[in-house]
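So you can see what is in the structure, the chains are spelled out below.
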There are 2 protein chains.
Amino acid sequence: MIRHAIPLALLAAATPASAQQPAAPAARTRAAPPAVTVDPRVAALRDKALGDDVAYAITEGLTTEIGQRGTGGSAAQARAREWGVAKLKALGFRNVRIEPYTLPNVWERGVETAEVAAPYPQALRLTALGNSGATPAAGLTAPVAFFATLNDLLAVPAGSLTGRIAFVSNTMEPTQDGSSYGSAGAARFVGPNIAAQKGAAAIVIRSIGTDHGRGPHAGSTNFAPGVTPIPAAALSVADAENLERMVKLGRPVTLKLVLTPRFVGPRQSGNVVAEVPGTDRDAGIVLVGGHLDSWELGTGAIDDASGLGITTAAARLVMEAGRPRRTIRVVWFGDEEIGGFGGQEYARAHVGERHATASESDFGADRVWRVETSLPDAARPVADRLAAALAPLGIVRGTGTGGDGTDIGPVIRTGVAGVDLNQSGLRYFDVHHTPEDTLDRVDPAQLRQNVAAWTTMLAIVANAPEEIGPVPVRP
Amino acid sequence: MIRHAIPLALLAAATPASAQQPAAPAARTRAAPPAVTVDPRVAALRDKALGDDVAYAITEGLTTEIGQRGTGGSAAQARAREWGVAKLKALGFRNVRIEPYTLPNVWERGVETAEVAAPYPQALRLTALGNSGATPAAGLTAPVAFFATLNDLLAVPAGSLTGRIAFVSNTMEPTQDGSSYGSAGAARFVGPNIAAQKGAAAIVIRSIGTDHGRGPHAGSTNFAPGVTPIPAAALSVADAENLERMVKLGRPVTLKLVLTPRFVGPRQSGNVVAEVPGTDRDAGIVLVGGHLDSWELGTGAIDDASGLGITTAAARLVMEAGRPRRTIRVVWFGDEEIGGFGGQEYARAHVGERHATASESDFGADRVWRVETSLPDAARPVADRLAAALAPLGIVRGTGTGGDGTDIGPVIRTGVAGVDLNQSGLRYFDVHHTPEDTLDRVDPAQLRQNVAAWTTMLAIVANAPEEIGPVPVRP
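Residues numbered from 1 in each chain as written. Chains lettered and ligands numbered in written order. Predicted model: local features only at pLDDT ≥ 70, side-chain atom pairs only at ≥ 80, totals over all residues. Heavy atoms only, no water.

Caption draft 1: Quick look at the pattern of salt bridges. Residue and element names in this part refer to chain A. Enumeration according to the criterion identifies 54 salt bridges over all chains in this entry. The salt bridge partner of Glu296 is Arg109, with a shortest N-O separation of 3.2 Å. In this pair, Glu296 sits in the loop between strand S13 (285-291) and helix H9 (301-320) while Arg109 sits in the loop between strand S2 (107-108) and strand S3 (112-118), placing the two residues 187 residues apart along the sequence. For Arg109, a relative accessible area of 16% corresponds to the buried category. (Salt bridge = Lys/Arg side-chain N within 4 Å of Asp/Glu carboxyl O. Helix = DSSP H or I, 4+ residues; strand = E, 2+ residues; numbered from the N terminus. Buried < 20%, exposed > 50% of the residue type's maximum accessible area, 1.4 Å probe, protein only.)

Caption draft 2: View of helix H6 (residues 179-189) of chain A. Within the sequence span of H6 of chain A, burial applies to Ser180, Tyr181, Ala184, Gly185, Ala186, Ala187 and Arg188 of chain A. Residues of H6 of chain A that are buried in the fold lie against helix H5 (150-155), strand S7 (165-168), helix H7 (191-197), strand S8 (202-206) and helix H13 (428-431) of chain A. (Contact = heavy atoms within 4.5 Å.)

Caption draft 3: Representation of the relation of the copies chain B and chain A within the structure. Between chain B and chain A, which share one sequence, the superposing operator has a rotation angle of 180° and an axial displacement of 0.0 Å; the RMSD is 0.0 Å. As the rotation angle and translation indicate, the two copies are arranged about a two-fold axis. Closest approach to the rotation axis among the C-alpha atoms of chain B is made by Gly215 of chain B, whose C-alpha sits 4.3 Å away. The fraction of interface residues of chain B whose copies in chain A are also interface residues reaches 100%, indicating that both copies meet through the same surface. (Least-squares fit on C-alpha atoms with pLDDT ≥ 70 in both.)

Caption draft 4: Here's a closer look at helix H14 (residues 444-463) of chain B. All names here are of chain B. The terminal C-alpha atoms of H14 lie 28 Å apart, and with 20 residues this matches the ideal 28 Å at 1.5 Å per residue to within 8%. Among the 20 residues of H14, 16 are classified as buried, and the element is accordingly described as predominantly covered. In this structure Asp443 caps H14, since a side-chain oxygen of it lies 3.0 Å from the backbone nitrogen of Ala445. (Expected span 1.5 Å × (residues − 1). Polar contact = N/O pair within 3.5 Å; in protein donor to acceptor, adjacent residues only side chain to side chain.)

Caption draft 5: Here's a closer look at the confidence of the model for chain A. All names here are of chain A. Across chain A, the average pLDDT comes to 94, with 94% of residues at 70 or higher. Note on residues 1-23: pLDDT under 50 across the span, and 43 contacts to partners over four residues away in sequence or across chains. Prediction confidence for the complex, expressed as pTM and ipTM, is 0.90 and 0.87 respectively. (pLDDT = per-residue confidence, 0-100.)

Caption draft 6: Highlighting the sheet that holds strand S18 (residues 417-423) of chain B. Residues and elements named next belong to chain B. Spatially, eight strands are ordered S1-S12-S14-S13-S15-S18-S16-S17 in an open sheet, and the strand pairing comes out mixed. Each edge of the open sheet is held by one strand with a lone partner, namely strand S1 (94-103) and strand S17 (396-397). Direction of pairing for strand S13 (residues 285-291) relative to strand S14 (residues 328-333): parallel, over a ladder of six bridges. Residue pairing in the sheet places Gly289 in a bridge with Val331 of S14. (Pairing = 2+ DSSP bridges.)

Caption draft 7: Seen up close, the domain arrangement of chain A. Residues and elements named next belong to chain A. The domain architecture assigned to chain A consists of domain 1 (40-105 + 266-463) and domain 2 (109-262). For domain 1 and domain 2, the distance between their C-alpha centres works out to 33 Å. On the side of domain 2, 22 residues touch domain 1, which itself brings 19 residues to the contact. Where domain 1 meets domain 2, there are one salt bridge. Summed over the shared surface of domain 1 and domain 2, the result is seven residue pairs in polar contact (both at pLDDT 80 or more). If you list the elements that add at least two residues to the side of domain 1 that touches domain 2, you get strand S16 (368-373) and H13. In terms of residue count, the dominant contributor to the side of domain 1 that touches domain 2 is H13 (three residues). Residue composition of the side of domain 1 that touches domain 2, grouped by class: nine nonpolar, six polar and four charged. (Domains from an automatic or database assignment. Nonpolar A, V, L, I, M, F, W, Y, C, P; charged D, E, K, R; others polar.)

Put into structure tokens, the structure is as follows:
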């Protein structure tokens, strides 16, 4: 357990922002920013949220009373939906319901073991990637073809990997904005498809993670149409480092893999939906949420019980402060991990409804450090008020745009503005998708800072008198 | 990976001790310690050792080329012995050999899975304790009887646990001297025997560890003669914390355990022995070493490849500095984890030989912080020189006695003096006996400080002109 507590100075700074003065003009070159008035009721609600424990209670409840909530329509996910309905009703939300959908063909994990067959016989720890093909039940034994990076794999000729197990071992360093997941993660996202196209019998990758532990990082991959899936798995970082040391000793290394995942056909699943009804039906819905499913190695505390806790706790605080202008809709999306099915089904089911904004919390439980939006120009004052009200929480206004997230993506792509509260990724990928994603990884102080940020956002956006959206769809 | 590097100031302080002045008299009450001359050759060797990488090379080799070295006469342990013989010969040791012995009846791990059957169905992670009994192959399902501490288990009447799974969940905090292992560890050492005597169907304990991770801590337990072993296992700390939260919700909790270890009969195993021959055959052997086997969940980097590396590297440095007075014998003991068999067999095989001192390194790879000995009064100057020469490495002279260790215990109990170089236990039990005991946990800088301490000790003890021992046997 590594805890990075919020500096006390930061919490102390969370006094009502209305009491703050605009900054003095900087010497010579920089103009003072325009003064923005923060509604004292918003500031008070934000500060109250720093003492709220509903988010932790939801995170603790889901990880204790349900535990692993396997992606892909699992029975545990169904229990979690029922738990969620009861919890959301108990918290006072309206129109609480399950919106069911059918998953067309569910991928299910099987046996997953690996060993070095020669020259250094020993067991290795790995986990199959989502959508991986299977080895024979008795296993597949083949020599390793080592690639230090994905680029090295891309460089070898087609057919050169026939009868071999590709091993891509690129490293990943932590980044606050999570951007290293995109670059390092390519080995998982597209590596298996590339290896299959080049004739590999299977592929193992170094887990996409910033730790050095034995827990492999799960995650999905995809094969292009017409490409037959090959067995594809992630070694724990420690095991990948060990295998790399073996390769570098210079003798040929042979692996035996047993991976028996399979597709088991259609399954029922669903999203859980709850609302804080607004006073103005025409102003558009403010959509927030996270996802209910988890990779089954851990109990999904940071991915993503905490996201459900954060968004739900914030919506409840705004609800208790009085009926907002816009309806706030909280969605606990299903089956995000294996393909974003819950988000797609939500967008399909609600295609006729106007959404003002969409936001998701799905990057752990560490503190929010940045706010970015894709609000239209007409709603620029909303973004300004947001930035001013969030600043006392140590949150900077980014220069990029908003609308990121697997679950809100399908709604965003219909021309809805995104409002993103970015969490620190500096330790997220230590435990992301591993057995170590458990409750003790959640720092209650940082979780409360998240709730304060989301409460602030909802209080401002849901009550904004300005029109919000639609916005042009980004390519 | 968490690394506590040695402060630079400490390394900088490792200048030749001969250049140091005795401390100035303290005000009023404290007398200055007597000046002790440290041989400049010893000081030079100590400082040279701070740049030695043989210990790391041995640790890396054993964990990479062999990996898990299962306790109990495993094939991997046999490969490790052959690896050790080749390595020790290559390093220039003399009389390198395997001393074989037979293990009478080996306990072997089987399937080990657990789940909460009701009311919160989910998988839990655990590992069977060494010498555990077995459940039926289909598993054992029974209600949990929760005990916050071992004392609570001791307090319930005999027969009160019939048909139940005892769950002892005492916590453990880090201590520099490792003493919390003794107190917290009692739940593992004697808890299963007590639970069996009170009629329990099985027992699970919270792992004896200071982490909060998902890797269970293995380790052995023992049942008294006449007590039928029950299934006994350690839950990972994170899983134990989760199960405890479930229990505290107030509803009866039922566990299903599948644990199928078994005794497989006798097996061949052995110790690896190497020597630096001394000039004086009558002065007694200076015995040092660690153990070659490991619990098979990890690759045994800190437990105990590093101990082999440290003691071997130190003996080699002394050997290269010139033939010592006393023979230094390095032993890589077998099968320590499951009952200290290698140490017992060594003492039996060498009962006729005079040993001057015995020392083992089996507490990880973090820095030595204390030296303690059970040297006889006549050899008090040896202890004084040792303390003075070790001080520049940040090592204090303890007020206790020496001779601790499973492997040297049988020799110590014949009246041999112990010289203990105690390593910091502040993070040892984070990974002790878990899957996480891998090479990346070894901090090369702290490992080198160990080598310097052991080199200093061997240079002083093996060359001491004083007679050493025998000493009275402690009760």
